[in-house]
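Next come the chains, spelled out residue by residue.
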Amino acid sequence: MTEQERIHCEEVVASLLEYLDGELDDARRVRIEDHLAECRGCFSRAEFERALRSRLQALATAPPPDSLKRRLKAILDEF
Amino acid sequence: MEHGSLRSAHQRGQSGRDPPACAIDNRTFFTLRVEELADRLYGVALRFTRNRAAAEDLVSETVVKAWAHLPQLEDRTCFEKWIFRILANTFFSQCRHEREETLAAEEDEDGFSLFDRLHQPFLLWWGNPEQELIHKLLCEDLDRALGALPDCYRAVVVSVDLLGHSYAEVAEMLGVPVGTVRSRLNRARSQLQRALWHQAQAAGLVSGSRDEGDAHD
Ligand SMILES: [Zn+2]
């Protein structure tokens with residue numbers, strides 16, 4: 001791995017989460033994507049962060065308890 | 001449509017354009033969408049508040065506010081994003097005074113990375129360590145790690161990771177600069193991954209490791 005490539009990996013690691021958040025401008029996003037297409041290490045890292053995030057996203061859903069269902073029904077009925 | 005006053009307010013805002021969205025009246029639309037989203041409204045409220053009673057209050061307050069502001073929602077296809085913004089805003093305004101306290105205490109979080117820990121040379125793994133960990137983590141593990149974050153950190157993680165809000169949106173809701181959102185998010189994720197690592201060790205999920213993994217903590 002050349003010196004330049006290593007610096008590039010560090011750059012990718014540093015902005016990976018922002019990349020996954022969709023917060024990078026097009027130029028930086030494309031640079032990261034190009035790198036991910038070629039670098040197995042960074043690609044695995046990105047996959048891991050993505051997978052962890054999708055596990056976390058499952059926490060966004062929880063069955064509402066009956067008490068809340070009744071309360072919502074009462075609220076909605078009043079509208 | 002029986003909701004005369006609301007409807008006329010709605011129509012005034014639309015000055016001439018009569019969208020097909022009006023084919024179904026506001027009340028029916030609202031009720032259907034709220035019922036459909038109840039699982040997510042409660043789930044997100046629970047992650048924000050970490051307390052069932054508080055989560056129920058937050059959802060109820062959100063629904064009441066959303067109904068009151070429905071005439072301002074111009075595009076019904078944006079309802080989901082819109083009501084979750086109301087939920088987040090309501091939560092943020094409730095905990096605004098608490099936020100300040102936690103800030104001073106949380107300074108040096110060094111960018112802990114689960115991925116790096118799993119790839120330490122002394123770990124004895126066969127196969128793919130990160131995939132294995134992802135599969136073995138339970139929802140309770142994730143919930144506990146998320147719940148252990150200070151309120152102001154958990155709020156940004158829930159907003160960005162669970163709700164998909166942009167940094168700018170969260171910054172606006174919290175009334176802080178975008179840079180603050182970015183740094184809180186980095187620290188929050190670092191703490192979250194550290195907590196997951198410790199839980200994984202305690203549960204024996206990273207049994208191939210020796211204790212050196214903790215040496216730097
Ligand atoms: Zn790389």
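This section reports on the structure supplied with the text.

Cut-offs and rules
Residues numbered from 1 in each chain as written. Chains lettered and ligands numbered in written order. Predicted model: local features only at pLDDT ≥ 70, side-chain atom pairs only at ≥ 80, totals over all residues. Heavy atoms only, no water. Salt bridge = Lys/Arg side-chain N within 4 Å of Asp/Glu carboxyl O. Helix = DSSP H or I, 4+ residues; strand = E, 2+ residues; numbered from the N terminus. Buried < 20%, exposed > 50% of the residue type's maximum accessible area, 1.4 Å probe, protein only. Donors = N, O, S within 2.8 Å, 3.2 Å for Na, K, Ca; no water. Tetrahedral: all angles 85-135°; square planar, octahedral: opposite > 155°, others 65-115°. Core = buried A, V, L, I, M, F, W, Y, C linked by side-chain atoms within 4.5 Å. Contact = heavy atoms within 4.5 Å. Buried area = accessible area lost by both parts, 1.4 Å probe. Polar contact = N/O pair within 3.5 Å; in protein donor to acceptor, adjacent residues only side chain to side chain. Phe/Tyr/Trp six-rings, centres within 6.5 Å; stacked < 30°, edge-to-face > 60°.

## Considering the pattern of salt bridges
- Applying the stated criterion across every chain yields a total of 26 salt bridges over all chains.
- In this structure, Asp21 of chain A and Arg189 of chain B form a salt bridge, with 2.9 Å as the shortest nitrogen-oxygen distance. Taken together, the residues span two chains, with Asp21 of chain A in the loop between helix H1 (3-20) and helix H2 (26-38) and Arg189 of chain B in helix H10 (residues 178-202).
- Take Asp21 of chain A: its relative accessible area is 16%, and that puts it in the buried class.
- A relative accessible area of 6% places Arg189 of chain B in the buried class.
- A salt bridge links Glu56 of chain B to Arg71 of chain A; the nearest nitrogen and oxygen atoms lie 4.0 Å apart. Placement of Glu56 of chain B in helix H3 (residues 52-69) and of Arg71 of chain A in helix H4 (residues 66-78) is noted, with the two residues assigned to different chains.
- We classify Glu56 of chain B as buried; its relative accessible area is 11%.
- Since its relative accessible area comes to 32%, Arg71 of chain A is described here as partly exposed.

## Points about the coordination of the zinc ion
Residue and element names in this part refer to chain A.
- Within the protein, Cys9 (SG), His35 (NE2), Cys39 (SG) and Cys42 (SG) serve as the donor atoms for the zinc ion, at 2.0 to 2.3 Å.
- One can describe the donor arrangement at the zinc ion as tetrahedral, given that its four donor atoms subtend angles of 102 to 114 degrees at the metal.
- Here the donor residues for the zinc ion map to a single chain with the spacing C-x25-H-x3-C-x2-C. Each of the two residues, Cys39 as well as Cys42, counts as buried.

## Some remarks on the nonpolar core
- The biggest cluster of nonpolar side chains holds 74 residues, and the ones touching the most others in it are Phe30, Phe48, Val63, Phe79 and Ile83 of chain B.
- It is helix H2 (residues 26-49) of chain B that provides the largest number of residues to this core, a total of ten residues.
- Sequence-distant contacts of Val63 of chain B, defined by excluding residues within four places in its chain, comprise Leu72, Ile75, Leu76 and Phe79 of chain A together with Phe30 and Val34 of chain B.
- One finds Leu16, Tyr19, Leu24 and Ile32 of chain A within the second-largest nonpolar core, a separate group that totals ten residues.

## Section: the interface of chain A and chain B
- Between chain A and chain B, the residue contacts involve 30 residues of the former and 46 residues of the latter.
- Across the chain A to chain B interface the summed buried area is about 3500 Å²; carbon plus sulfur atoms make up 65%.
- Three residues stand out in chain A for area buried against chain B, namely Arg55, Leu59 and Phe79 of chain A, and they jointly supply 21% of the buried area on that side.
- Connecting chain A to chain B are six salt bridges.
- Where Arg45 of chain A meets Asp116 of chain B, a salt bridge forms, and the shortest distance between an N and an O atom there is 2.5 Å.
- The interface formed by chain A and chain B includes 16 residue pairs in polar contact (both at pLDDT 80 or more).
- Elements with a minimum of two residues in the side of chain A that touches chain B: H1, helix H3 (40-57) and H4 of chain A.

## With respect to the packing of aromatic side chains
- By the definition in use, this model includes ten aromatic pairs over all chains.
- Look at Phe48 of chain B and Phe92 of chain B: their rings are 5.8 Å apart centre to centre, the planes differ by 75 degrees, and that puts the pair in the edge-to-face class. Highlighted residues: Phe48 of chain B in helix H2 and Phe92 of chain B in helix H4 (residues 79-105), separated in sequence by 44 residues.
- By way of ring pairs, the aromatic residues Phe79 of chain A together with Phe29, Phe30, Trp67, Phe79 and Trp82 of chain B are connected into one cluster.

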